[in-house]
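Report on the structure
Residue strings, one per chain:
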Amino acid sequence: MHGDAADLVVVGGGAAGLAAAIFAAETAPAGFRIVVLDGAKTLGAKILVAGGGRCNVTHHEVRPGDFNGSQHVVRNVFSAFDVAATVRWFASLGVELKREPTGKLFPASNSARTVLRALLDRCDALGVTLLTSSRVTRIVPPLDADRSFQILYAGGVLHCGRVIVATGGRSLPRSGSDGSGWEILRELGHTVTPTHAALVPLVLPPQMFHAALAGVSQEVELSVFAGGKRIDQRTGSLLWTHFGISGPVVMDASRHWTVAFDTGVVPTLRCNLLPGQSFQQVEQWLIQSMTNRPKASMLTHLSQRFTERMAAVLLRHAGIDPATVASQLTREARRTLVHALTALVLPVERHRGWNYAEVTAGGVPLSEIDFRTMQSRKVPGLYLAGEVLDCDGRIGGFNFQWAWATGYLAGRAAAGGNAPR
Ligand SMILES: Cc1cc2nc3c(=O)[nH]c(=O)nc-3n(C[C@H](O)[C@H](O)[C@H](O)COP(=O)(O)OP(=O)(O)OC[C@H]3O[C@@H](n4cnc5c(N)ncnc54)[C@H](O)[C@@H]3O)c2cc1C
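Read on for an overview of the structure. A quick note: this is a predicted structure, and the numbers were derived from the prediction, not measured.

Here we look at the nonpolar core
- Formed by 90 residues in total, the largest nonpolar core has its most connected members in Trp89, Ile139, Ile151 and Trp404.
- It is helix 12 (residues 398-415) that provides the largest number of residues to this core, a total of twelve residues.
- Ignoring anything within four residues of it in the chain, the contact list for Trp89 reads Ala19, Ile22, Phe23, Phe81, Leu119 and Trp404.
- With 47 residues, the next largest nonpolar core counts Leu202, Leu213, Val249 and Val282 among its residues.

Dropping the structure here:
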């Protein structure tokens, strides 16, 4: 440890903090002391669990529309550090990335440990001091231009010329990201927009049929309605689980559900199990099929479009015995069934909780930082990076891309210019 002073302190040693420390160390003049303080006992918990333990580092194509947040700022951040820069950077750290058919990029080793090891080794090689079990409780800004920041943390007080706050959001609190960074930033004059769980599975009432289909994935079109308006619509893979629904399309839609729900509106989630097909098209198909084979059971008819297991569950959900022969089905029952196939209401009770959320929607508004440098517009010498900012991406490596890119900008800027004390 370097006594009680450093040139730059990075608060939070997650993806954004480690990237910021590395880029700062690579930019800084010789002798520039960088200390990373993290409250967790070990670093990189989220990197290790990400992507099912394989760490989906980025996505082959990243566009501003993949993020919820100021499109202008997001565009500028990624024009400074794009996917190609991420790939080059990881190659320079000895981590080769491979692209999967979904467009996601993973380490060729298929192990998140490769990613974390490379980041920690690089910090080590650059002389960055990493202090764990060092939770920061307060940052006192310089009182005048000649004084330094005071960082109050579990180990005492650290004085420094510049600070990068990369404390993440509230998702997976046991990883050390519990939202405490926002309290620190509020005290420094920043605002924090309301925060909501995002990329989170959704829980259905136990009487719904999901448990009978646990483990089954299917392509669906999912729409979220709130206050009489459709606020989100997307197509993708839904996974039925023992508690409700998950899978990429649900995770992406979830932030729209949680934001509406948390603001007091009761959102409705509607699912088209035959994406791209309207009620009329599906009804026409069903009438045709039933007319052609009036003696066949409804299970037989529906099994042309769904697995038999799924068909049986859907028929029962629509109040129809799967053994019912087509000629006996009433018009009303047929229309109820078509409605269940094309506009199935999923009566979500709640999201699955912060322990299952991959990211946080909300945070420090992007308008409160200079997107060229990530420097705070409230406190000179203070920089912000990663999920602590009000920007969240869809599933697929976008959130790490945000962490690397903002870490790059903050790190270089915080180490550049006139060398701080
Ligand atoms: C289960 C899961 C899977 C995910 N999978 C992917 C994926 O495959 N691809 C993808 O792009 N994204 C994924 N994400 C999202 C991604 O992990 C985050 O967006 C990203 O880690 C954010 O980086 P960050 O550095 O801003 O914050 P974090 O990674 O949360 O790091 C913040 C750090 O700050 C520390 N800290 C917090 N408060 C304090 C304090 N007061 N004092 C000191 N230290 C503090 C924490 O201990 C933590 O180490 C996943 C998230 C989860 C939970």
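Structure's up, so let's keep going.
A short note on the environment of Arg147
- Looking at where Arg147 falls in the secondary structure, it is placed in the loop between strand 8 (136-140) and strand 9 (149-153).
- Residue Arg147 is classed as partly exposed on the basis of its relative accessible area of 40%.
- A C-alpha to C-alpha distance of 72 Å links Arg147 and Leu315, two positions 168 residues apart in sequence.

Some details on the site of the ligand
- In the vicinity of the ligand, 33 residues are found, and the nearest of them are Ala16, Asp38, Ser177, Glu387 and Phe400.
- In the model, an oxygen atom of the ligand is placed 3.0 Å from a nitrogen or oxygen of the Gly51 main chain.
- Contacts to the ligand include Ser177, whose side-chain N or O atom sits 2.6 Å from an oxygen atom.
- Burial of the ligand by the protein amounts to 94% of the accessible area it has alone, namely 1,000 Å².
- Residue assignment for the shell around the ligand shows that the elements contributing at least two residues are helix 1 (15-27), helix 2 (45-53) and helix 12.
- Among the elements that take part in the shell around the ligand, helix 2 stands out by supplying four residues, more than any other.
- When its residues are assigned to classes, the shell around the ligand shows 13 nonpolar, 15 polar and five charged.

Some details on the layout of surface pockets
- Roughly 210 Å³ of internal volume is contained in the second largest pocket.
- Together, 13 residues line the second largest pocket, and Pro248, Val249, Asp252, Arg394 and Ile395 are the ones closest to its centre.

With respect to the pairing of strand 2 (residues 34-37)
- Every second residue of strand 2 is oriented toward a common face, with Ile34 and Val36 on one face and Val35 and Leu37 on the other, all of them buried.
- Here four bridges tie strand 1 (residues 5-11) to strand 2, and the two strands are oriented parallel to one another. Of the residues in strand 2, the one forming a bridge with Val11 is Leu37.
- With respect to chirality, the unit in which strand 1 leads through helix 1 into the neighbouring parallel strand 2 is right-handed.

Thoughts on the sheet that holds strand 13 (residues 217-226)
- Pairing is antiparallel in the open sheet, where seven strands are placed in the order 17-16-13-14-15-12-18. Unpaired on one side and paired on the other, strand 17 (344-346) and strand 18 (350-351) mark the two borders of the sheet.
- Running over the sheet, helix 11 (residues 331-342) touches strand 16 (268-272) and strand 17 and is turned about 100 degrees from strand 16.

Quick look at the packing of aromatic side chains
- Inspection of every chain in the model, using the stated rule, returns 15 aromatic pairs.
- Seen in terms of ring centroids, Phe23 and Tyr408 are 5.0 Å apart; in terms of plane orientation they differ by 85 degrees. Their pairing is edge-to-face. Residue Phe23 is located in helix 1, and its partner Tyr408 is located in helix 12; the two are separated by 385 residues in the primary sequence. In this structure, Phe23 and Tyr408 share a single accessibility class: buried.
- Considering the side-chain rings of Phe400 and Trp404, the 5.4 Å spacing of their centres and the 15 degrees angle between planes classify their relative orientation as stacked. Pair noted here: Phe400 and Trp404 are both in helix 12, with a separation of four residues, about one helical turn.
- Taking relative accessible area as the criterion, Phe400 reaches 15% and is therefore assigned buried.

Thoughts on the sheet that holds strand 6 (residues 104-107)
- Reading across from one edge, 3-6-5 is the order of the three strands in this open sheet, with antiparallel pairing throughout. The two strands at the open ends of the sheet, each matched to only one other strand, are strand 3 (58-59) and strand 5 (97-99).
- The sheet contact formed by strand 3 and strand 6 spans two bridges and is antiparallel. Residue pairing for strand 6: Thr58 is matched across the bridge by Leu105.

Calculation rules
- Residues numbered from 1 in each chain as written.
- Predicted model: local features only at pLDDT ≥ 70, side-chain atom pairs only at ≥ 80, totals over all residues.
- Heavy atoms only, no water.
- Core = buried A, V, L, I, M, F, W, Y, C linked by side-chain atoms within 4.5 Å.
- Buried < 20%, exposed > 50% of the residue type's maximum accessible area, 1.4 Å probe, protein only.
- Helix = DSSP H or I, 4+ residues; strand = E, 2+ residues; numbered from the N terminus.
- Contact = heavy atoms within 4.5 Å.
- Near = heavy atom within 4 Å.
- Polar contact = N/O pair within 3.5 Å; in protein donor to acceptor, adjacent residues only side chain to side chain.
- Areas by Shrake-Rupley, 256 points an atom, 1.4 Å probe, with all protein chains shown as cover.
- Nonpolar A, V, L, I, M, F, W, Y, C, P; charged D, E, K, R; others polar.
- 1 Å grid on protein atoms, 1.4 Å probe; cavity = no way out; pocket = protein on both sides within 12 Å on 5 of 7 lines; lining within 4 Å.
- Points joined across faces, edges and corners; volume = space filled by probe spheres on them.
- Pairing = 2+ DSSP bridges.
- Right-handed = clockwise from strand over helix to strand, strands pointing away.
- Axes fitted to C-alpha atoms, helices over the stretch in contact; angles between N-to-C directions.
- Phe/Tyr/Trp six-rings, centres within 6.5 Å; stacked < 30°, edge-to-face > 60°.

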